[in-house]
Amino acid sequence: MTFISRMIEKASWLRFIVSFVLLFAYSYWAFIRPGFWTRAQEAAAPLPETLQGFHDEQPALAFGKLGEATSDYLIFQAVDIPFAFLNAAMITAAIALGLKILKLAATPLRFLLLLPLILFAAEIAENALLFLMAGDYIPDRGAPATAQQIMTNIKGASAMLGSVCALAAIVSAAIASLINLFRKPA
């Protein structure tokens, strides 16, 4: 059984709600409350992972401004990995549930479940590159910076498209579930 088939088979409202709540709670902890991300953001905004497009000098500029917040930024790159997993899990749960409830599992729409995998892989590669550049293990210009920016763009595109598809899937699944709930038995 393939990954796609398993995700659709296991899809449920409970799985979606749990993944959504976990993502929301972790996002608050990692991004909103004062912590690693907020201190790094205050020191060196805009950080390279927040920009779409290609900004050749941005990693070097941001890392040059980090100063005391460099350790916060490095720790955040590790803290961002569970966020990447939870984000991909929530998008997967939403799309899979929509496909299951709408009986679209055998259509080409099932390949939308590849988006969260692309998102997760790009996020992990981006985090690794940012950690290595900010920690002065590799140069923050040239090929490493270009590779990071490519991963950031892939991550951003797959996150946006995946989120839109997840929202459409959940809204459609909710409507279909309500219709089925109130439909008179034949």
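Now for a quick tour of the structure.

Rules used in this analysis
Residues numbered from 1 in each chain as written. Predicted model: local features only at pLDDT ≥ 70, side-chain atom pairs only at ≥ 80, totals over all residues. Heavy atoms only, no water. Helix = DSSP H or I, 4+ residues; strand = E, 2+ residues; numbered from the N terminus. Buried < 20%, exposed > 50% of the residue type's maximum accessible area, 1.4 Å probe, protein only. Lys, Arg positive; Asp, Glu negative; His and termini not counted. Salt bridge = Lys/Arg side-chain N within 4 Å of Asp/Glu carboxyl O. Polar contact = N/O pair within 3.5 Å; in protein donor to acceptor, adjacent residues only side chain to side chain. Core = buried A, V, L, I, M, F, W, Y, C linked by side-chain atoms within 4.5 Å. Contact = heavy atoms within 4.5 Å. Axes fitted to C-alpha atoms, helices over the stretch in contact; angles between N-to-C directions. Parallel < 35°, antiparallel > 145°, perpendicular 65-115°, else oblique. Nonpolar A, V, L, I, M, F, W, Y, C, P; charged D, E, K, R; others polar. Phe/Tyr/Trp six-rings, centres within 6.5 Å; stacked < 30°, edge-to-face > 60°.

Turning our attention to the side chain of E49. Structurally, E49 is set in the loop between α3 (36-44) and α4 (58-66). For E49, which is buried and forms no salt bridge, the nearest opposite charge comes from K155, at a distance of 6.5 Å. Of note is the side chain of E49, whose polar atom sits 2.7 Å from the side chain of Y73. A distance of 3.0 Å separates a polar atom in the side chain of E49 from a polar atom in the side chain of Q77.

Going through the model one piece at a time under the given rule, you end up with three salt bridges. In this structure, the salt-bridge partner of K155 is E126, at a minimum N-O distance of 3.1 Å. A residue pair is termed long-range when its members are at least 10 positions apart, and K155 in helix α7 (residues 143-182) and E126 in helix α6 (residues 114-134) qualify at 29 residues. Both residues of the pair, K155 and E126, belong to the buried class.

A few words now on the nonpolar core. Counting residues in hydrophobic clusters, the biggest one holds 42 residues, and the most contacted among them are F16, L47, F63, L66, Y73, I95 and L113. Those elements that provide at least two residues to this core are α1 (3-10), α2 (13-32), α3, α4, α5 (70-101), α6 and α7. Here this core takes 14 residues from α5, the largest share from any one element. The residues contacting L113, other than those within four sequence positions of it, are F3, I4, M7, I8, T92, I95, A96 and L99.

Take the packing of α3 against α4 next. In the contact formed by α3 and α4, the axes pass within 8 Å of each other and the chain directions differ by 105 degrees. Judged on the interaxial angle alone, α4 and α3 are roughly perpendicular. Of α4, the residues touching α3 (which contributes A40, A43 and A44) are A62, K65 and L66. Tallied by class, residues from the contact of α3 with α4 come to five nonpolar, no polar and one charged.

With that settled, the discussion passes to the packing of aromatic side chains. Following the criterion strictly, the structure yields 10 aromatic pairs and no others. Ring geometry for F31 versus F83: centroids 4.9 Å apart, planes at 80 degrees, classification edge-to-face. One end of the pair, F31, is in helix α2; the other, F83, is in helix α5, with 52 residues separating them in the sequence. For F31, a relative accessible area of 22% puts it in the partly exposed group. Classification of F83 by relative accessible area gives buried; the value is 15%. When the centroid spacing of 6.1 Å and the interplanar angle of 15 degrees are considered together, the rings of F131 and Y137 count as stacked.

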